[in-house]
Amino acid sequence: MRLPILFGIFTSTFAALVLSTLLSLLALAISLKPSSAVSESDELPQVLHIGPVKPDITGITVQAGRIEYGRQVPYERQPNDRIEEHGKERLVFRDGKFLGWLVGKDGKLIYTEDRLIGAPLDTKRIDNPKSYSIVSPNDPDYSVAQNPVEVHRKSKPSDFGRWNGWPFLAPVRHVVYLRLPKPLKIGCRYRIQFDGNFLPEQEFIYDPQKMRSEAVHVSHIGFHPDDPVKVAFLSLWMGTGGPVEYPEGLKFHVLDDRTGKPVFSGTVRLIHRPGEPEDAYNKDYAGTFVYEMDFSPLRRLGRYRVYVEGVGCSYPFQIAENVWQRAFYVAARGFYHQRSGIELGPPYTTFRRPRPFHPDDGVVVYQSTCPLMYSGNGLNALGTDKDNFGNLVKGKTNEIVPNAWGGYMDAGDWDRRIQHLIVTRYLLDLAELFPKHFERLSLNIPESGNNLPDIIDEALWNLDFYQRLQTPEGGVRGGIESSEHPRHGECSWQESLTVMAYAPDPWCSYIYAGVAAKAAFLFKTRGDIKRANLYQESALRAMVWAEKERERMEKTGEFKNWRNDALIAFRDERNLAAADLYRLTGDERWHKIFLETTAFIDPKAELYEWQKHEQREAAWVYVQTNLPGVNKTVQENCRQAILREAEERLKNTERTSFRYAKFSWMPGGWGAFTKPDAVSLVRAYLLTGDTKYLRGAILACQYGLGANPVNICFTTGLGHDFPRHPLHIDSRLTHQPPPEGLTVFGPFDVQMHKGHWAQEIVNRYCHPEVQKWPTLEAYWDVFWYPEICEFTVQHPMATVAYVWGFLSAVKR
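Engineer: Lay out the overall build of the protein in plain terms, naming residues and giving numbers.
Structural biologist: From N to C terminus, the protein includes 19 helices and 33 strands. Taking 2.2 N^0.38 as the reference for a compact globule, 812 residues should give roughly 28 Å; the C-alpha atoms of the protein span a radius of gyration of 27 Å, in line with that estimate. Principal axes of the C-alpha set define a box for the protein whose edges measure 90 × 75 × 50 Å. The 812 residues of the protein split such that 64% are buried. Counting contacts in the protein only where the partners sit at least 6 residues apart, residues at least 24 apart contribute 71% of the total. Taken as a whole, the protein presents about 29700 Å² of accessible surface, with 50% of it coming from carbon and sulfur. Mean positive and mean negative side-chain charge positions of the protein (96 and 98 charges, respectively) differ by 2 Å.

Here you go:
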């Protein structure tokens, strides 16, 4: 299979999570006695939404239960208490009953188990048409109560609660579809009664021009008036009722959300049928009929909703000049919320978090002899790190690394790694491309109001952390990591595991050198010579040190034991650093290294070729280089490679069900759908000005922004609905909503994950079974499914910010 180089890094990271947690607790789950009170039934299921999906089919969304999360409470050990260690976890028992997980180094707190609150729905009852009756005072067809002809259902867990050590409980969200004996009439009032009052009676006036339908999907943020493409989608999968086909010639209207008057009308167009392949793996991710509604000519500012005749409406959306700016603002705020080493709270955010991982608070970071390139969290170049932490822990020394604070927490947990510098690279690129736009844009961060644009301040927060990790000799450490994934129940500022810094290595130093050189170049263009010199000097020291280390490794034969993908990644980071340094300094030494290691001597070379190279960023840097000695042939080859990839992404938007631009060989997971795979489209537009690339970039964003089957924007804090339970530990444990700006990985190919431990847990609460769900429908917002609910700052968050930032700034 043609998998991206980083794919192996992602899979090994998540494999470590599964192994380190699941294996250590599996025996525990079998041996524990059940807790005496893990479920309460004092809350009845609630009807969340009633909406039409066809003239004769009405959908009812029901929530059954919720999770009441555990809490940190004081703990004083009693004589009869028993503390058991299972891997990293420390479980407390009293009189044979499980109390919770021990928290902190001093063990003065425990985190109690979660509880499931609320009564479940009787699924036999809700699947029975006789359980429902529909009556109307003004529709003659329903003057006498009628039962549905058929009932279809899809059910899935809406959260996970963890109790008794490892087992999980889940509330369930059901969507029930009632196929009625006759279509409902517009303007008539209806009452749905539930046999035995298992749900409260529901009343509504049937008006599909005002009622939201889950079958109508549109971007939650909307569009810029001059966006060359504006689309919505129509699709529905009814669970046991399967895919839904709508009639040809169906009309849609864009309605003014205030007046209800149409401002644009058109006809829906079928763009995808069940079973049609969407990528090189011949996968159909939608699993149903998908129709497109194109209203690109609409430019009038306002708030609108899309209405499909007889079906219903979308969420409201805007056509406004600032929609992309708002989206970028939220995405960039995600990086602020991932900062380590500072307190979070008002006036900069409503999310409150004490300062974590700062030496002034007693946090000690020990030096490890393991470099990141020999860790499973990095290159795992020798293939010896089986669980991502073994080599790091094995190499721990008693040497303390001073001033090792800052950077971005990787994801829901709090490691900081050199790969995060792609965030800085992208933010600096935006600042360079659109200086006036980002000069004016406030991100409401502590640095706001200083003499730098906020986007540069945010970029430097990350870069400066790795500058502090640079040794006097020039080598750069790859980051900070604890000895394991976090202990359950501990927040970031309570970390009780040993914290270590990776040893400096040339791979990490190349990554740092390139980004520091980019920062220096930007400051040089701004006339800030002091800062330019600071970062240039640091970049050169890192590069020179890395080159010496590389030469030493070649002489000793160290590279002979490396895996091939690691050798490729090492060479490509060297190539990129050389490109950045050449652009900055004009020094032919770096130019020579770039030309010796570039793939673009070959005019047919692509930006990425599996098991050969990944040089997307280097091609972009070299295309932007304006120096007399530049190799024009290689530069043109770089340009053409960018355009070819952009053309491939354009073709993907025409092939995929919801116009996402996913690389055809990228498996259906790890953000493949929620991030806009549009970096080459952005750059192709900047190089050519051809509107087709701008159009493709906008289409690539639609799925992640809410134009999808689950009608959710996959970035927290953005849109009408967004992930409520991302794998973000600090918010979960402190009972706060997740901070804004976290773009989760989202749906994962259900066939690829067959047998996966989290999918198996999800399957207990799903109907139909998970393997029958279309992938794009299979989003489980449950916290404890890392490949779906987690995120990382470098992926998908960095890409999301880059593309949305471009769309916020570019002139149409």
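Now, onward.
Engineer: Describe the environment of Pro 157, listing the residues and the values that go with them.
Structural biologist: Here Pro 157 is to be found in strand β12 (residues 150–157). Taking C-alpha positions, Pro 157 is 36 Å from Asn 380, a pair spaced 223 residues apart along the chain. Discounting chain neighbours no more than four positions away, the residues touching Pro 157 are Ala 170, Pro 171, Val 172, Val 762, Tyr 765, Cys 766 and Val 782.

Engineer: Go over helix α8 (residues 506–525) with me, naming the residues and quoting the values.
Structural biologist: Here α8 spans 28 Å end to end across 20 residues, near enough to the 28 Å set by a 1.5 Å rise per residue. With 18 of 20 residues buried, α8 is to be regarded as a mostly interior element. Its side-chain oxygen at 2.9 Å from the backbone nitrogen of Trp 507, Asp 505 defines the N-terminal cap of α8. Where α8 ends, the next residue or the one after it, Gly 527, has phi of about 80°, a positive value.

Engineer: Lay out the pattern of salt bridges in plain terms, naming residues and giving numbers.
Structural biologist: Under the defined criterion, the tally for this structure stands at 60 salt bridges. Here Glu 439 and Arg 526 are joined by a salt bridge, their closest N and O atoms 3.3 Å apart. Here Glu 439 is found in helix α6 (residues 435–440), whereas its partner Arg 526 is found in the loop between α8 and α9 (529–556), with 87 residues between them in sequence. Between Arg 616 and Glu 614 there is a salt bridge; the shortest N-O distance is 3.9 Å. The class of Glu 614 is partly exposed, set by a relative accessible area of 31%.

Engineer: An account of the side chain of Asp 81 is requested, with residue identities and associated values reported.
Structural biologist: Mapped onto the secondary structure, Asp 81 falls in strand β6 (residues 81–86). Accessibility expressed as a relative area gives 7% for Asp 81, which makes it buried. A distance of 2.8 Å separates a polar atom in the side chain of Asp 81 from a polar atom in the side chain of Tyr 75. Here the side chain of Asp 81 touches Arg 94 through a polar contact of 2.7 Å, side chain to side chain.

Engineer: Explain the pairing of strand β23 (residues 290–294) residue by residue, including any values.
Structural biologist: Counting buried positions along β23 yields four of five residues, so the element is predominantly enclosed. In the sheet, strand β19 (residues 231–235) pairs with β23 via five bridges, with the strands oriented antiparallel. Bridging across to β23, Ala 232 finds its partner in Met 293. Sheet topology places strand β22 (residues 269–272) next to β23; three bridges connect them, and they run antiparallel. Bridged to Arg 269 within β23 is Glu 292.

Engineer: Please provide a residue-by-residue account of the pairing of strand β8 (residues 97–103), values included.
Structural biologist: With five of seven residues buried, β8 lies mostly within the body of the structure. The pairing of strand β7 (residues 89–94) with β8 spans four bridges and is classified as antiparallel. Pairing of Leu 91 across the sheet is with Trp 101, part of β8. If you look at the hairpin formed by β7 and β8, you'll find two residues sitting between the two strands, and Asp 95 has a positive phi there, around 55°. Note: β8 against strand β9 (residues 109–111), three bridges, orientation antiparallel. By the bridge assignment, Val 103 is partnered in β9 with Leu 109. Hairpin connection from β8 to β9: five residues lie between these consecutive antiparallel strands, with Gly 104 at a positive phi of about 85°.

Engineer: Before we move on, can you summarise the sheet that holds strand β2 (residues 46–54) with the specific residues and values?
Structural biologist: Taken in spatial order, the four strands line up as β2-β3-β15-β12 in an open sheet, and their pairing is antiparallel. Each edge of the open sheet is held by one strand with a lone partner, namely β2 and β12. When the angles between neighbouring strand axes are averaged without regard to direction, this sheet yields 20°. Pairing of β2 with strand β3 (residues 57–64) involves seven bridges; the strand directions are antiparallel. Bridge pairing in β3 links Val 47 to Val 62.

Engineer: Could you give an account of the sheet that holds strand β30 (residues 479–482), naming the residues involved and the relevant values?
Structural biologist: Strand order in this open sheet of five strands is β28-β27-β31-β30-β29, and the pairing throughout is mixed. Both outer strands of the open sheet, β28 (396–400) and β29 (416–417), are each paired with one neighbouring strand and no more. In this structure, β30 lies alongside strand β31 (residues 499–503), joined through three bridges in antiparallel fashion. Counted as the bridge partner of Ser 482 is Val 499 from β31.

Engineer: I'd love a proper account of the nonpolar core, names of residues and values included.
Structural biologist: By size, the foremost hydrophobic cluster in this structure holds 207 residues, and its most contacted members are Phe 328, Ile 418, Trp 507, Trp 562, Trp 780 and Trp 804. In terms of residues, this core owes the most to one element, α8, which gives 14 residues. Among residues more than four places away in sequence, those in contact with Ile 418 are Leu 372, Tyr 466, Val 476, Arg 477, Gly 478, Trp 507, Cys 508, Ile 511 and Tyr 512. Within the second largest apolar cluster, 29 residues are counted, among which are Val 53, Val 218, Tyr 246 and Phe 289.

Rules used in this analysis
Residues numbered from 1 in each chain as written. Predicted model: local features only at pLDDT ≥ 70, side-chain atom pairs only at ≥ 80, totals over all residues. Heavy atoms only, no water. Helix = DSSP H or I, 4+ residues; strand = E, 2+ residues; numbered from the N terminus. Rg over C-alpha atoms; globule rule 2.2 N^0.38 Å. Buried < 20%, exposed > 50% of the residue type's maximum accessible area, 1.4 Å probe, protein only. Contact = heavy atoms within 4.5 Å. Areas by Shrake-Rupley, 256 points an atom, 1.4 Å probe, with all protein chains shown as cover. Lys, Arg positive; Asp, Glu negative; His and termini not counted. Charge placed at Lys NZ, Arg CZ, Asp CG, Glu CD. Expected span 1.5 Å × (residues − 1). Polar contact = N/O pair within 3.5 Å; in protein donor to acceptor, adjacent residues only side chain to side chain. Salt bridge = Lys/Arg side-chain N within 4 Å of Asp/Glu carboxyl O. Pairing = 2+ DSSP bridges. Axes fitted to C-alpha atoms, helices over the stretch in contact; angles between N-to-C directions. Core = buried A, V, L, I, M, F, W, Y, C linked by side-chain atoms within 4.5 Å.

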